[in-house]
Amino acid sequence: MWENIKTFASEFFVTGDPLIYGADVSIALTLVAIVFALTYFKKWQWLWKEWITTVDHKKIGIMYILCSILMLFRGGVDALLMRTQLAMPDMQFLNAEHYNAIFTTHGVIMILFMAMPFMFGLFNIMVPLQIGARDVAFPFLNSLSFWLFFWGAMLFNMSFVIGGSPDAGWLAYPPLSGIDHSPGVGQNFYIWGIQISGIGSLMTGINFVVTILKMRTPGMKLMRMPMFTWSALSSCLTIMLAFPILTVTLAMLFIDRFAGGHFFTLDGGGNPMMYINLIWMWGHPEVYIVVLPAFGVFSEIFATFSKKKLFGYTSMVLAMMSIAIFSFFTWAHHFFTMGSGANVNAFFAVTTMLIAIPTGVKIFNWLFTMYKGKITFETPMLWAISFIPCFVIGGMTGVMLSVAPADFQFHNSYFLIAHFHQVLIGGVVFGFFAGLYYWWPKMFGFRLNERIGKWAFWFWNIGFYVCFMPQYGLGLMGMTRRVNEYDWSQGWDMGWMPLNIVSTVGAFLMGIGFIFQVWQIAYSIKNHKRDVNGDPWNGRTLEWSLPSPAPVYNFATLPKIQEVDSWWEEKERIKAGKPTPQAPLEPIHMPDNSAIPFIQSLFWFIAGFGFVFNWMFFAIPGLIGVAVTMIVRSFQKDEGYYIPVDEIKKTEASTRGAG
Amino acid sequence: MAHHTAAQTAHHHSHEEEHESLKTMGFWMFLITDVILFSVLFATFIVLRGNFNGGPGPHELFQMPGVIAETFILLTSSFTCGLALLSLNAGKVKGVIGWLAVTGILGIAFLTLEITEFVHMVHEGATISTSAFLTAFYTLVGTHGLHVTIGIVWMTGLLIQLKRNGLNAKTKRKVNNLSLYWHFLDIIWIFVFSFVYLMGVM
Ligand code: HEM
Ligand SMILES: [Cu+2]
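Residues numbered from 1 in each chain as written. Chains lettered and ligands numbered in written order. Predicted model: local features only at pLDDT ≥ 70, side-chain atom pairs only at ≥ 80, totals over all residues. Heavy atoms only, no water.

**What to know about the pattern of salt bridges**
Residue and element names in this part refer to chain A. Applying the stated criterion across every chain yields a total of eleven salt bridges over all chains. Measuring nitrogen to oxygen at the nearest pair gives 3.7 Å for the salt bridge that ties Asp78 to Arg74. Of this pair, Asp78 and Arg74 both sit in helix α4 (residues 57-87), four residues apart, roughly one helical turn. The exposure classification of Asp78 matches that of Arg74, with both residues buried. Here the residues in one salt-bridge network are Glu563, Glu570 and Arg573, joined through shared partners. (Salt bridge = Lys/Arg side-chain N within 4 Å of Asp/Glu carboxyl O. Helix = DSSP H or I, 4+ residues; strand = E, 2+ residues; numbered from the N terminus. Buried < 20%, exposed > 50% of the residue type's maximum accessible area, 1.4 Å probe, protein only.)

Quick look at the structure:
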């Protein structure tokens with residue numbers, strides 16, 4: 001009996017590595033501390049009522065961003081561990097297996113559990129405010145999406161201490177990810193963690209498409225929407241078309257592993273190349289899904305901090321939409337070397353190069369927006385400006401990679417690693433940081449400290465170039481990705497050491513930048529001036545017409561829109577003494593909170609956990625729980641409630657102060 | 001709110017209708033994603049359909065009379081679902097309930113035939129792990145079957161709600177969406193029938 005328990009535990013828990021024991025202890029301590037703090041300060045009810053069961057898009061957005069920053073921390077620690085191992089030849093820090101697991105979890109976490117939720121957080125908080133809506137189209141579904149993401153991410157992250165991490169790369173190519181070559185549970189964690197949160201993402205995509213198409217305030221025609229909202233629309237349409245491919249592909253991989261299927265196996269007539277095609281038919285659009293909203297953020301920031309209208313509004317919209325469409329026709333550039341033949345490669349090389357055109361248009365539009373503008377250099381603008389050179393270089397190396405014959409040289413080398421980090425960090429991460437700094441006052445009612453923010457900015461930026469520029473060189477020198485050792489272990493000196501040392505230093509500089517950001521937030525929470533008028537940057541779009549933070553119902557009366565940058569124009573009219581007259585107040589209908597999203601997602605988690613370990617006594621009750629909660633929901637009345645006019649008046653008076 | 005004024009009630013109605021129309025649009029969006037889901041399954045089936053791995057192929061496995069019966073049943077159920085919608089537009093709850101019930105029963109008949117077919121095939125030794133062809137076959141046809149099952153559960157719940165609450169904005173929207181879903185599954189089945197069964201035995 002005792003022996004059985006011991007064997008079980010040694011398989012169930014990841015053992016044998018001091019790093020992991022350290023992590024076990026710190027996770028346990030953190031959990032105890034959280035439970036203690038919640039109990040001590042009597043915050044359980046607050047947590048449940050105000051956050052867990054909320055359907056308010058603004059709160060859901062904040063929860064997304066909070067989780068995303070935690071995931072950035074975990075993904076960042078993974079990155080630093082890898083860079084430490086690679087700093088010198090023959091480091092004895094991470095062995096090959098551990099290294100494999102870490103680059104896999106780093107990649108998955110950064111893209112799916114950091115970039116995606118950060119983006120959803122910004123959508124949630126800002127899209128309804130920008131279009132003059134009181135919530136998203138489906139508030140209940142919105143909360144469900146969040147909790148699916150949350151529990152999916154939990155499931156994935158658990159693999160670190162329970163059962164073992166996936167280690168077949170962030171896209172888990174078979175046959176390596178198949179049951180023969182990855183018999184452990186790590187790959188199952190991969191499948192279920194991503195599947196559960198992916199369903200949430202798909203629903204968010206639908207939710208925001210409907211919200212943007214149907215819930216705009218009177219007068220806001222499509223071509224009057226703020227650019228960030230346009231970017232959200234293009235991104236969400238892409239989600240709708242791309243995520244079902246991911247869902248099916250993961251399901252097929254699961255059928256292969258779980259039921260002995262032969263979709264992607266080497267025997268039985270399966271076809272592993274099909275997986276690689278399918279996963280990139282989702283994967284390439286996925287990178288545009290995360291970068292388009294970053295473009296949207298930059299468009300807002302360039303216009304606001306140059307005190308000018310965005311240059312080339314229509315061409316921006318067209319560029320964004322054509323990028324969204326083109327992104328579905330470039331997937332094979334990820335495997336030029338896999339022998340698809342010259343014609344296929346030529347086609348995908350050309351489509352890839354074509355995407356550079358709309359991207360170039362956007363870069364010029366941003367430059368022209370700044371041209372002759374009255375530019376000020378607050379932190380959001382700094383991130384936006386630094387994005388331009390970074391993305392231009394990243395884009396150019398991308399075009400180099402798209403030259404199919406040349407890619408035979410670059411493929412899977414550090415040249416590629418440098419390229420995609422340049423567009424992902426310089427584009428996506430900088431973009432979301434910029435968005436967070438820009439909209440922070442709207443979310444919390446005060447600005448973040450500029451001085452510490454500038455330190456963070458410079459550490460991130462200098463760190464970035466120090467880390468990734470040497471990697472282009474390393475790639476050209478022949479260093480391939482996903483290796484944990486180089487040089488003497490192979491018997492000769494490749495000369496890779498100096499550039500690797502530099503690169504690792506750069507990675508740690510970015511780590512310091514992150515610490516500065518955490519400090520900046522903590523410091524600003526303690527020492528800040530309340531932002532009273534709700535419009536700290538002299539903004540142009542509707543969200544700045546509201547008090548900060550916006551009241552639950554967002555808009556006391558729905559504004560009537562006559563042009564792009566309507567708030568800017570309205571401010572001109574107010575100055576001229578001719579404000580647009582407002583409709584009288586009416587009671588506002590709001591949706592009720594619900595515990596079902598949380599509970600249903602928890603059941604998904606239980607089901608996923610069961611499938612990971614092949615424990616049907618978990619999986620089946622989990623699935624039943626999912627079904628029952630769905631049915632319960634269908635039978636609920638869900639009428640919502642009304643906020644009476646008096647209460648609206650009171651709220652408006654207190655949040656808008658005397659003005 | 002405890003006390004509704006007349007104005008508030010009118011307000012509530014327009015709000016509710018607006019909300020139901022949002023949900024209908026959301027449902028269309030969901031159907032688009034479902035189309036993509038099935039497209040991927042069809043594409044993989046077409047890639048893998050010749051890979052028998054020495055196991056049985058369509059000629060040995062498919063029993064066309066049963067499949068044709070399934071097709072007729074599902075087509076009929078689509079028709080009865082249409083009749084339910086006609087009653088809905090005429091405002092007749094009884095008609096809606098009756099025709100939906102018939103549709104559900106036909107759906108169950110379809111599923112029974114399908115499951116019998118699968119059981120029969122497994123008895124012949126043609127399991128999901130026999131060959132890539134069969135993996136793709138069971139997954140594609142099974143996913144359609146799963147959709148039908150979900151449709152039947154939905155229908156059952158909706159019948160109860162119709163009995164209890166009659167026709168209102170909410171139940172009307174649900175009947176409309178359910179019928180969209182059911183016709184959609186019918187169209188998918190036509191593709192399954194042609195690409196999987198007909199092309200398989202020809
Ligand atoms: C913060 C600074 C970052 C550093 C220092 C860093 C470093 C690294 C390193 C060392 C690798 C492994 C290279 C190899 O051995 O093949 C890697 C892989 C990867 N990184 Fe990062 N990274 C950072 C940020 C990011 C971000 C923000 C993203 C995405 C949004 C990202 C996405 C990826 C992906 C997808 C891989 C490939 C994983 C695989 O090979 O399966 N990284 N990164
Ligand atoms: Cu790509």
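The structure having been displayed, the exposition proceeds.
**Remarks on α4(A)**
Along its 31 residues, α4(A) runs 44 Å from first to last C-alpha, staying within 8% of the 45 Å computed at 1.5 Å per residue. The residue sitting at the N-terminus of α4(A) and contributing the capping side-chain oxygen is A:Asp56; that oxygen lies 2.9 Å from the backbone nitrogen of A:Lys58. (Expected span 1.5 Å × (residues − 1). Polar contact = N/O pair within 3.5 Å; in protein donor to acceptor, adjacent residues only side chain to side chain.)

**Re the nonpolar core**
Residues A:Trp282, A:Trp366, B:Phe137 and B:Tyr197 are the most contacted members of the largest nonpolar core, which totals 237 residues. For this core, the leading source of residues is helix α9 (residues 272-306) of chain A, giving 20 residues. Counting only domains with at least three residues in this core, you end up with domain 1 (1-42) and domain 2 (43-652) of chain A. Membership of the second largest hydrophobic core comes to 13 residues, among which are A:Met82, A:Ile417, A:Leu474 and A:Trp496. (Core = buried A, V, L, I, M, F, W, Y, C linked by side-chain atoms within 4.5 Å. Domains from an automatic or database assignment.)

**A closer look at the interface of chain A and chain B**
Listed by partner, the interface residues are 39 residues for chain A and 38 residues for chain B. Summed over both partners, the interface of chain A with chain B comes to about 3200 Å²; 73% of that surface belongs to carbon and sulfur atoms. Inspection of the chain A/chain B interface yields zero salt bridges. No other element matches the nine residues that helix α8 (residues 227-259) of chain A contributes to the side of chain A that touches chain B. For the side of chain A that touches chain B, the per-class residue count stands at 23 nonpolar, ten polar and six charged. (Contact = heavy atoms within 4.5 Å. Buried area = accessible area lost by both parts, 1.4 Å probe. Nonpolar A, V, L, I, M, F, W, Y, C, P; charged D, E, K, R; others polar.)

**Topic: helix α5 (residues 96-131) of chain A**
Residues and elements named next belong to chain A. Over its 36 residues, α5 extends 50 Å from the first C-alpha to the last, a length consistent with the 52 Å expected when each residue adds 1.5 Å. The largest bend along α5 reaches roughly 35° and is located at Ile109. With 33 of 36 residues buried, α5 lies mostly within the body of the structure. (Bend = angle between axes of the 7 residues up to and from the residue.)

**Structural notes on the packing of aromatic side chains**
Residue and element names in this part refer to chain A. Overall, the coordinates contain 104 aromatic pairs over all chains when judged by the stated rule. Ring geometry for Trp192 versus Phe611: centroids 4.8 Å apart, planes at 10°, classification stacked. Of this pair, Trp192 sits in helix α7 (residues 186-214) while Phe611 is found in helix α18 (residues 596-613), placing the two residues 419 residues apart along the sequence. Here the two residues Trp192 and Phe611 agree in accessibility, since each one is buried. (Phe/Tyr/Trp six-rings, centres within 6.5 Å; stacked < 30°, edge-to-face > 60°.)

**Quick look at the site of ligand 1**
All names here are of chain A. Taken together, 24 residues lie near ligand 1, and Tyr99, His106, Trp170, His421 and Arg482 sit nearest. His421 has a polar side-chain atom sitting 2.8 Å from a nitrogen atom of ligand 1. The contact in question runs from an oxygen atom of ligand 1 to an N or O atom on the side chain of Arg481, over 2.9 Å. Listing elements by their share of the shell around ligand 1, those giving two or more residues are α4, α5, α14 (414-444) and α16 (497-526). Grouping the amino acids of the shell around ligand 1 by side-chain chemistry returns 17 nonpolar, four polar and three charged. (Near = heavy atom within 4 Å.)

The analysis is restricted to geometry; functional conclusions fall outside its scope.
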